[in-house]
Amino acid sequence: MKFVTSILNRRAFVALAAASMLAGVMHSAPASAADVTIPIIVKDTTSFYWQIVLAGARKAGKDLGVNVPELGAQAETDVNGQISILENAVAGNPAAVVIAPTEAKALGKPIDEAATNVKIIGIDSGADSKAFTSFLTTDNIQGGRVAADGLAAAIGEANGGKIEGDVALITALPGAGSLEQRAQGFKEQLAAKYPGLKLIADKYADGQATTGLNIATDLITANPNLKGIFASNLIMAQGVGQAIAENSLAGKVGLIGFDSDEKLVKFLNDGVISGLVVQDPYRMGYDGIKTALAASKGEKVEANVDTGANLVTKANMKDPKIDALLNPKLD
């Protein structure tokens, strides 16, 4: 009996040793990071803002040795196009997917379905889904508050310290989570801090700068007491800025935009725009990929990450931190 037990013990030992060796081999030879694919899906690959996001994601891919397909529609209005891109990306069995949803309600179910197969990391804008493993974005409600404070300051400066008069809000598209939150924060801050400012118009456009130009021109014509406008994204700020410039109202009608590009920075320098609420899209792209890689490995990641927002004015635009946000590296 002792002899049989000894044989069994030796067999068990050999089996255990073999299993340990196999585990060691598997641990020492993980899949190469270069074999890992994490697509990033933005709202509009042609926009300067989204090009900055993609630049951040591209740099993360290089630093981490990860394949990062850069995907997205040609316009933020192409909601169905983004849904198809998401479905095709998931069908390719990536390690994870990073996405900036174009429209909260429409992307909710597609993201729920995608998350049954792969980790989904959200950036910039929310969706009607609780399936995000992590979500990295500006606190857009706070961004709206910052815009209200900036607009009030500009109006006060132009009117001998009096913060009063009519103001307007122009939103690029209905239903976009980030834009709705900016509008919410802006209106809440006006009501809470600036009783002398009356919101006389809350307009939606169609995502086109020319529409923002036309809406602003109509508002200027119809409201002689108009003291300020908040244009809540880059495209709207371009159109509204053009309206301010064409009507020679620089310094007379305050304008706060959101995000930046070369045109908006020139408007800021020229006094056409009073201030820009600037996010950190490069960080969204970079940290989006970094977070997605960690999540794909089963590592714990933060459920929500605030990537920050800053009010840029002509007075602070040369500060190193602000300059880095205005002039990100796109290579």
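Residues numbered from 1 in each chain as written. Predicted model: local features only at pLDDT ≥ 70, side-chain atom pairs only at ≥ 80, totals over all residues. Heavy atoms only, no water.

- The chain has the name ABC transporter substrate-binding protein in an unreviewed UniProt entry, where Mesorhizobium delmotii is given as its organism.
- Taken directly from UniProt, the Sequence similarities (unreviewed entry) text for the chain runs: "Belongs to the bacterial solute-binding protein 2 family."
- Under the heading Subcellular location (unreviewed entry), UniProt records this for the chain: "Cell envelope". (UniProt positions renumbered as here; feature names shortened; annotations may be inferred.)

**Some remarks on the sheet that holds strand β9 (residues 254–258)**
For step 1, the next point in the chain: Pairing within the open sheet is mixed, and its six strands lie in the order β7-β6-β8-β9-β10-β12. With partners counted over all chains shown, the strands left at the sheet margins are β7 (197–204) and β12 (310–312), one partner each. Pairwise comparison of adjacent strand axes, ignoring direction, gives a mean angle of 20° for this sheet.
For step 2, the next point in the chain: Pairing of strand β10 (residues 275–278) with β12, which is carried by three bridges, proceeds in the antiparallel orientation. Residue pairing for β12: Leu276 is matched across the bridge by Val312.
For step 3, the next point in the chain: The strands touched by helix α7 (residues 209–222) are β6 (165–171), β7 and β8 (226–231); relative to β6, the strand with the most contacts, the crossing angle is about 165°. (Pairing = 2+ DSSP bridges. Helix = DSSP H or I, 4+ residues; strand = E, 2+ residues; numbered from the N terminus. Axes fitted to C-alpha atoms, helices over the stretch in contact; angles between N-to-C directions. Contact = heavy atoms within 4.5 Å.)

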